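# Analysis of the macromolecular model
Here are the chains, one letter per residue:
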Amino acid sequence: MPEQTQLGRFGKLREKYLMEHRKGLYSSMLMTGKLWTHLTEIDRQAAEMLDRMTEQQAQTMGVTEKLKAENQMVWVQQMNNIRHSAEESVLSDLIYA
């Protein structure tokens, strides 16, 4: 698949999951030509979900630009925690479902 080089991180993870754990579904989608569409849609949805969740959690926890200006290390630490938490949710809800 030459288009595969354009597939994002989440699309690649989904493809790997399907190949290793859902072989029948992977083969079926590949044979019917639906695999690429599925992978690109999952990639798009996952990226949007990650951005949305990160932004919502940052607002909820009070991680703002003001905090970034006042204490950059604390801001980075909290944003990393938020991002990792959001990624776990995306992976469990979309990629490995």
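Residues numbered from 1 in each chain as written. Predicted model: local features only at pLDDT ≥ 70, side-chain atom pairs only at ≥ 80, totals over all residues. Heavy atoms only, no water.

### Quick notes on the nonpolar core
Counting residues in hydrophobic clusters, the biggest one holds 11 residues: Phe 10, Ile 42, Ala 46, Met 49, Leu 50, Met 53, Ala 86, Val 90, Leu 91, Leu 94 and Ile 95. Sorting the residues of this core by element identifies helix H3 (35–61) and helix H5 (72–95) as the ones contributing at least two each. Residues in contact with Leu 50, not counting those within four places in the same chain, are Phe 10, Arg 83, Ala 86, Glu 87 and Val 90. Tyr 26, Met 29, Trp 36 and Leu 39 belong to the second largest nonpolar core, which has eight residues in total. (Core = buried A, V, L, I, M, F, W, Y, C linked by side-chain atoms within 4.5 Å. Buried < 20%, exposed > 50% of the residue type's maximum accessible area, 1.4 Å probe, protein only. Helix = DSSP H or I, 4+ residues; strand = E, 2+ residues; numbered from the N terminus. Contact = heavy atoms within 4.5 Å.)

### Looking at the packing of helix H1 (residues 9–21) against H5
Contact geometry for H1 and H5: axes closest at 11 Å, N-to-C directions at 45°. On the basis of their axis angle, the class for H1 and H5 is oblique. Crossing of H1 over H5 shows right-handed handedness. Mapping the contact onto sequence places Arg 9, Phe 10, Leu 13, Arg 14 and Tyr 17 in H1 and Glu 87, Val 90, Leu 91, Leu 94 and Ile 95 in H5. When the residues that make up the contact of H1 with H5 are grouped by side-chain class, the tally is seven nonpolar, no polar and three charged. (Axes fitted to C-alpha atoms, helices over the stretch in contact; angles between N-to-C directions. Parallel < 35°, antiparallel > 145°, perpendicular 65-115°, else oblique. Left-handed = near helix turned anticlockwise from the far one by under 90°. Nonpolar A, V, L, I, M, F, W, Y, C, P; charged D, E, K, R; others polar.)

### A look at the side chain of Thr 54
Structurally, Thr 54 can be placed in helix H3. Of note is the side chain of Thr 54, whose polar atom sits 2.7 Å from the backbone oxygen of Leu 50. With residues near it in sequence (within four places) discarded, Thr 54 still touches Met 79, Ile 82, Arg 83 and Ala 86. (Polar contact = N/O pair within 3.5 Å; in protein donor to acceptor, adjacent residues only side chain to side chain.)

### Brief notes about H1
In this model, H1 (13 residues) spans 18 Å end to end at C-alpha, consistent with the 18 Å of a helix rising 1.5 Å per residue. Of the positions making up H1, those classed as buried are Phe 10, Gly 11, Arg 14, Glu 15, Tyr 17 and Leu 18. When H1 is viewed along its axis, its buried side chains cluster within an angular range of 160° and face the same direction. On the buried face of H1, the contacting elements are helix H2 (23–32), H3 and H5. (Expected span 1.5 Å × (residues − 1). Arc of directions from axis to C-beta.)

Purely spatial values, then, with no claim about function.
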